[in-house]
Amino acid sequence: MWNMFDYQRKKTDLSLFEKVGQLFMPAAFVNDTEAEVRELEKQIREQHVGGLCFFHSRASAATNYEGKKEVVYNARSFDTLRNLIVRYQRAAKYPLLIAIDAEWGLAMRIENTPQYPYAITLGAVQDHPELLYEVGKNIARDCRAAGIHWNLAPVVDINNNPDNPVIGYRSFGEDKWEVAQKALAFVKGTQSEGVLTSIKHFPGHGDTAVDSHLGLPLIDKSKEALLDNELHPFQRLIDEGVDSVMVGHLSVPSLAAGKLISSSISKDIIKGVLRNEMGFEGVVISDALNMHAVSREYPVKGELEWLAFDAGNDVLCFAEHTREGIATILQKATEAQINESFERVWALKEKAMGNPGGKTVPTLSDADSLNARLARECLTRLVGKASDLVDFKSKGFVGLSMVQSGENPFFASIRTKKAFPGISNTDYTLSELENRLKSEANILLALYPPQVKPTANFGLSATELNFINSLLETKNVVLYLFGNPYVLKLLNIGTTRTTVVAYQNLEAFQHLAAEHFLGNFKAKGKLPVQTKNKLPNE
């Protein structure tokens, strides 16, 4: 184990080749084959890369954007992750900086690990920054338990485009003040455990309908508009001393001297706006360089890595061509340019590994108790009033579950206090459900959209949506949504008796939703985004 003296002394020993290697952060996959693990070990030894960014597998979303590969479930992924980190560290001449995307916990990448709510759920919480602090703190402890130094979170994009295919639920909402406040609380909680953070995706990925994993989004707004809105959370957290900023793959001509170029390779945006105008002095990390927004445009190996470095990125995340990238940077960059980025990256390593709080912890956090507190604070009623539920329950009702098989925790919790018949669309065809519900007046509808992302209507088929909207228009329906609130764009909720957004299908959220239905507490959350629904009181 290195101490601070080692870092200060060894910094002067690195060759220029090794210094450039320290700027590279290739991907590491938890579920790689032994041959693939050995190949990465060889790369660590020979190229002296500075860190690794962990992903689940080569079939997961990080490399499988079109979703054509089957993701294999591995119940022991967390143990594998810890063992691989130890193994890769042993292969390194200089300690590796280990990173991961854990926006809602290690569960974002690793099975059977604690999952906390999505940012959009936390966006509904009102006046309780200490809860978001606790989320950041707990996730940081889980990172430490794995041997991870750097959580590439939180997202501070303002999601002001309801059709955004990639940010959406990952954003705290559409209000710049709320996004900044909640992101800051998350960051402070993370820092309390000695774990690094990174705000992303600069200069703001919220107002686009293009997924930068697949293509280059264009944000055609004036610089004044961006400074007033999208850049506000970034500036607020920069002023608070955030560790790093991740630059996204976005074309923002007003910030790039009118050029149609990705932010991630734009000197005007990184060195001009981020460094000179906004005063950021910390580490700049690129978004994954394998993403198609940029990778398809630069087929020559090493070219993209050079462009990203030359534009001002200090850490090249998910660089696919490390050997060629190092060679190109050594050929084209000045020694002063290399040293400037190296000094920032090395200082970040000193901070991460020299902090006493950065040592590993023996166990993972218990998410249930904090999730229960969050569920109580975020639950949002959009339609109806408390007395409507009292009247609804007194007249009797049928529970309908869409689209979750088996007994759900929501219905099970309600049944501990009140009996009612329940059915699910996983047990019957839609036409059979129509016949069974024909004579029923009151329906408690628990909706579980199959997807949190908006592609293909969140996984809901056109016939399912038609069936649901027909129920909303012809029956006395109380709706509880356990999913992305943007699903409401597809529903005519103005005709419901009551509509409540629970945001997540986590067990704690379902139990708290049942408590709300039973009248044991009032919904205090506020929808953090607009869904464009016409409500009765508007």
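Summary of the structure given here.

1. Describing the packing of helix H3 (residues 34–47) against helix H4 (residues 77–91)
So, step 1. Running from amino to carboxyl end, H3 crosses H4 at an angle of 35°, the nearest separation of the two axes being 8 Å. Pair H3 / H4 crosses with right-handed handedness. Here Glu34, Val37, Arg38, Leu40, Glu41, Ile44 and Arg45 of H3 come into contact with H4, specifically with Leu84, Arg87, Tyr88 and Ala91.
So, step 2. Classifying every residue of the contact of H3 with H4 by side-chain character gives six nonpolar, no polar and five charged.

2. Remarks on the pattern of salt bridges
So, step 1. Taken as a whole, this structure holds 34 salt bridges when the rule is applied.
So, step 2. The partner of Lys259 in a salt bridge is Asp268, and the shortest N-O contact between them spans 3.1 Å.
So, step 3. We classify Lys259 as partly exposed; its relative accessible area is 45%.
So, step 4. Relative accessible area serves as the criterion here: at 30%, Asp268 is assigned to the partly exposed category.

3. Topic: the environment of Asp220
So, step 1. Secondary-structure assignment places Asp220 in the loop between strand S7 (199–202) and helix H8 (223–228).
So, step 2. In this structure Asp220 comes out as exposed when scored by relative accessible area, which is 67%.
So, step 3. For the pair Asp220 and Ser251, spaced 31 residues apart in sequence, the C-alpha separation works out to 8.3 Å.

4. Focus on the pairing of strand S3 (residues 51–55)
So, step 1. With five of five residues buried, S3 lies mostly within the body of the structure.
So, step 2. For strand S2 (residues 27–29) and S3, the ladder comprises three bridges, and the chain directions are parallel. Residue pairing for S3: Ala28 is matched across the bridge by Phe54.
So, step 3. Note that the unit made of S2, H3 and S3 has a crossover that is right-handed.
So, step 4. As paired elements, S3 and strand S4 (residues 97–100) share four bridges and run parallel to each other. Note that in S4 the partner of Phe54 across the bridge is Ile100.

5. Quick look at the sheet that holds strand S11 (residues 380–383)
So, step 1. Within the open sheet, the six strands sit side by side as S11-S16-S15-S14-S12-S13. Their pairing is mixed. Bordering the open sheet on either side are S11 and strand S13 (422–424), each of which pairs with just one other strand. Between one strand axis and the next, the sheet turns by 20° as a mean value, whatever way the strands run.
So, step 2. One ladder, built from three bridges, connects S11 with strand S16 (residues 498–501); its direction is antiparallel. The residue of S16 that forms the bridge with Thr380 is Val501.

6. Quick look at the packing of helix H6 (residues 129–146) against helix H15 (residues 367–378)
Pairs of packed helices are described in terms of their axes, by the angle between the two and the distance that separates them.
So, step 1. Packing of H6 against H15 leaves a shortest axis separation of 11 Å and a crossing angle of 150°. Classified by the interaxial angle, the pair formed by H6 and H15 is roughly antiparallel. Handedness of the H6/H15 crossing: left-handed. Contacts between H6 and H15 involve Leu131, Glu134, Val135 and Asn138 from the former and Leu370, Arg373, Leu374 and Glu377 from the latter.

7. Comments concerning the packing of aromatic side chains
So, step 1. In total, this model carries 21 aromatic pairs according to the counting rule given.
So, step 2. Aromatic pair Trp104 and Tyr118: ring centres 4.8 Å apart, planes at 90°, arrangement edge-to-face. Placement of the pair is Trp104 in the loop between S4 and helix H5 (119–122) and Tyr118 in the loop between S4 and H5, with a sequence separation of 14 residues. Each member of the pair Trp104 and Tyr118 is classed as buried.
So, step 3. Where Tyr448 meets Phe482, the ring centres are 4.9 Å apart and the plane angle is 10°; that geometry is what we call stacked. Here Phe482 lies in the loop between strand S15 (476–481) and S16 and Tyr448 lies in the loop between strand S14 (442–447) and helix H19 (455–458), a separation of 34 residues in the sequence.
So, step 4. Residue classification places Phe482 among the buried positions, given a relative accessible area of 2%.
So, step 5. Every member of this aromatic cluster is reached through a ring pair, and the members are Phe392, Phe397, Phe410, Phe411, Phe420, Tyr448, Tyr480, Phe482 and Phe517.
So, step 6. Cation over ring: Arg376 sits above Phe521, and NZ or CZ is 4.6 Å from the ring centre.
So, step 7. Lying across the ring of Phe420, Arg415 places its NZ or CZ 4.3 Å from the centre.

8. Some points on the sheet that holds S4
So, step 1. The strand order across the open sheet built from five strands is S2-S3-S4-S5-S6, with neighbouring strands paired in parallel fashion. Strands at the two margins of the open sheet, each flanked by one partner only, are S2 and strand S6 (196–197).
So, step 2. Judged from the two bridges that link them, S4 and strand S5 (residues 150–151) form a sheet pairing that is parallel. Looking at S5, one finds that Ala99 is bridged to Trp150.

9. Section: H15
So, step 1. Look at H15: 16 Å from first C-alpha to last across twelve residues, which is about the 16 Å you get at 1.5 Å a residue.
So, step 2. Of all the residues in H15, the buried ones are Ala367, Leu370, Asn371, Leu374, Ala375, Glu377 and Cys378. Buried positions in H15, seen along its axis, are confined to an arc of 165° and lie on one side of it.
So, step 3. Lining the buried residues of H15 we find H5, H6, S11, S16 and helix H21 (507–517).
So, step 4. At the N-terminal boundary of H15, the capping side chain belongs to Asp366, with an oxygen 3.2 Å from the backbone nitrogen of Asp368.

The rules we used
- Residues numbered from 1 in each chain as written.
- Predicted model: local features only at pLDDT ≥ 70, side-chain atom pairs only at ≥ 80, totals over all residues.
- Heavy atoms only, no water.
- Axes fitted to C-alpha atoms, helices over the stretch in contact; angles between N-to-C directions.
- Helix = DSSP H or I, 4+ residues; strand = E, 2+ residues; numbered from the N terminus.
- Left-handed = near helix turned anticlockwise from the far one by under 90°.
- Contact = heavy atoms within 4.5 Å.
- Nonpolar A, V, L, I, M, F, W, Y, C, P; charged D, E, K, R; others polar.
- Salt bridge = Lys/Arg side-chain N within 4 Å of Asp/Glu carboxyl O.
- Buried < 20%, exposed > 50% of the residue type's maximum accessible area, 1.4 Å probe, protein only.
- Pairing = 2+ DSSP bridges.
- Right-handed = clockwise from strand over helix to strand, strands pointing away.
- Parallel < 35°, antiparallel > 145°, perpendicular 65-115°, else oblique.
- Phe/Tyr/Trp six-rings, centres within 6.5 Å; stacked < 30°, edge-to-face > 60°.
- Lys NZ or Arg CZ within 6 Å of the ring centre and 35° of its normal.
- Expected span 1.5 Å × (residues − 1).
- Arc of directions from axis to C-beta.
- Polar contact = N/O pair within 3.5 Å; in protein donor to acceptor, adjacent residues only side chain to side chain.

Everything listed here is a matter of coordinates, which is why it stays silent on function.
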